[in-house]
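# Fold and geometry: a report
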Amino acid sequence: MKRIYLDYAATTPVDKEVLKEMLSYFNKKFGNASSIHSFGQEAIAAIDKSRGKIAKLFCCDFSEIIFTGSATESNNLAIKGLVRKISEFGFQATANLSYRKDLRLTPKSTRTLHIISTKIEHESVLEPLKELEESGHKVTYLPINREGFIKILDLEKNIKDNTVLVSIIYANNEIGTIQPIKEIGKLLEKINKKRQESGFSKIYFHTDAVQALNYLECRPDWLKVDLLTFSGHKIYGPKGIGGLYVRKNTPLLPIISGGGQEFGWRSGTENVPYIVGIAKAVDLAIKNREKRSKYILDLRNKLWKNIIKYNKGAKLNGSFSSRLPNNLNIRFAGLSNEMLIVALDQAGIAVSAGSACSSRALAASHVLAAIGLSEKEAKESVRITFGKDTTNSEIKKTIEIINKIVKKL
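Residues numbered from 1 in each chain as written. Predicted model: local features only at pLDDT ≥ 70, side-chain atom pairs only at ≥ 80, totals over all residues. Heavy atoms only, no water.

### Section: the packing of helix α3 (residues 71–89) against helix α4 (residues 123–134)
- The contact between α3 and α4 brings their axes to 9 Å, and the two run at 25°. Overall, the two elements α3 and α4 adopt an arrangement that is roughly parallel. Relative to α4, α3 is oriented so that their crossing is right-handed. Contacts from T72, N75, N76, I79, K80, V83 and R84 in α3 reach S124, V125, P128, L129, E131 and L132 in α4.
- Of the residues assigned to the contact of α3 with α4, the class counts are 6 nonpolar, 4 polar and 3 charged. (Axes fitted to C-alpha atoms, helices over the stretch in contact; angles between N-to-C directions. Helix = DSSP H or I, 4+ residues; strand = E, 2+ residues; numbered from the N terminus. Parallel < 35°, antiparallel > 145°, perpendicular 65-115°, else oblique. Left-handed = near helix turned anticlockwise from the far one by under 90°. Contact = heavy atoms within 4.5 Å. Nonpolar A, V, L, I, M, F, W, Y, C, P; charged D, E, K, R; others polar.)

Okay, structure coming up:
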């Protein structure tokens, strides 16, 4: 039986071009990038080339791209690294404050800092925020409407004098809804100008763009973000490699100590083949974004139209218009998602209940709860996500099997 994979939001297969780029760095160009001999120089040259490639695609400076072990690590570094840096060293409320390694910092501060986020962030954002709350800082979780969006006015109303960070996911990993990151960036830019004039600290802006990079514009200056997280395995690159854009003069405290690699922000021997792989994957994602998006959107809409045609009780979770082109999150009333997922898997179709990071847990999705679904309704919902390798024949087969299984169950 030919299996059909429709869980591309969980992970993607490594692209052939990406794999080809990586292979020689496993056994031929295998040097440690910290070594000064020719093997090491070959490795550091590959890292520099990869960093430069992503920096060019992001239209940012070479030193603003940091390689990590995963998007989870990137999110942790962005959130805990920034808040702990400011908390540990304090911040001066001056109009022209910049953070540099040679800056004279104020003594340790016990001041409580404030962060703004949302109720539908990935676990790798929510868990660091919980840790910060446990250490005494305050977090405001913005509510989400039925379609999955925050209100920018809610964000503005919740800004306080001690707000230092806003972290909002670009495109949600479960329901695919796209937040107005550029508009939020413009608002914070405007607010920060006033804060600077009044002597308050800057509010830094972070976005988790892991699901967005394949389909949406992610240039940091265009979005007006200070920190942006991306991942290899969501864009047809390898697992075990992530990235973080860090705007110059953004205060960060490393969360991994050691040899000071990655400009001191992320210690550990660099994973050269994976760094080469993620750079190629970012290149292909941006180069093919428009064409792939249109192709995948057509497949998604075809599947959705045929599901609602034969299943009148099927409901879409989240917005239909402002969501990722590869995402459907559907509730089949009265039908357990676990039962449906197992039945589909037995029929050769792979879908999921939501985030792969928590899919083995029995708790209902916090994202679906945030948009107003009951626990029962959340447990009737499945996520179907498409990729560049999804075919029309696979969609036709999936329509046939889903309608047959739903009717039977």
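Picking up after the structure, the text goes on.
### Describing the pattern of salt bridges
- The full count for this structure, using the stated rule, is 24 salt bridges.
- Here E375 ties to K379 by a salt bridge, and the two come within 3.3 Å at their closest N and O atoms.
- Take K379: its relative accessible area is 32%, and that puts it in the partly exposed class.
- Measuring nitrogen to oxygen at the nearest pair gives 4.0 Å for the salt bridge that ties E400 to K397. Of this pair, E400 and K397 both sit in helix α13 (residues 392–408), 3 residues apart, which is roughly one turn of that helix.
- Here K397 falls in the partly exposed class, since its relative accessible area comes to 40%. (Salt bridge = Lys/Arg side-chain N within 4 Å of Asp/Glu carboxyl O. Buried < 20%, exposed > 50% of the residue type's maximum accessible area, 1.4 Å probe, protein only.)

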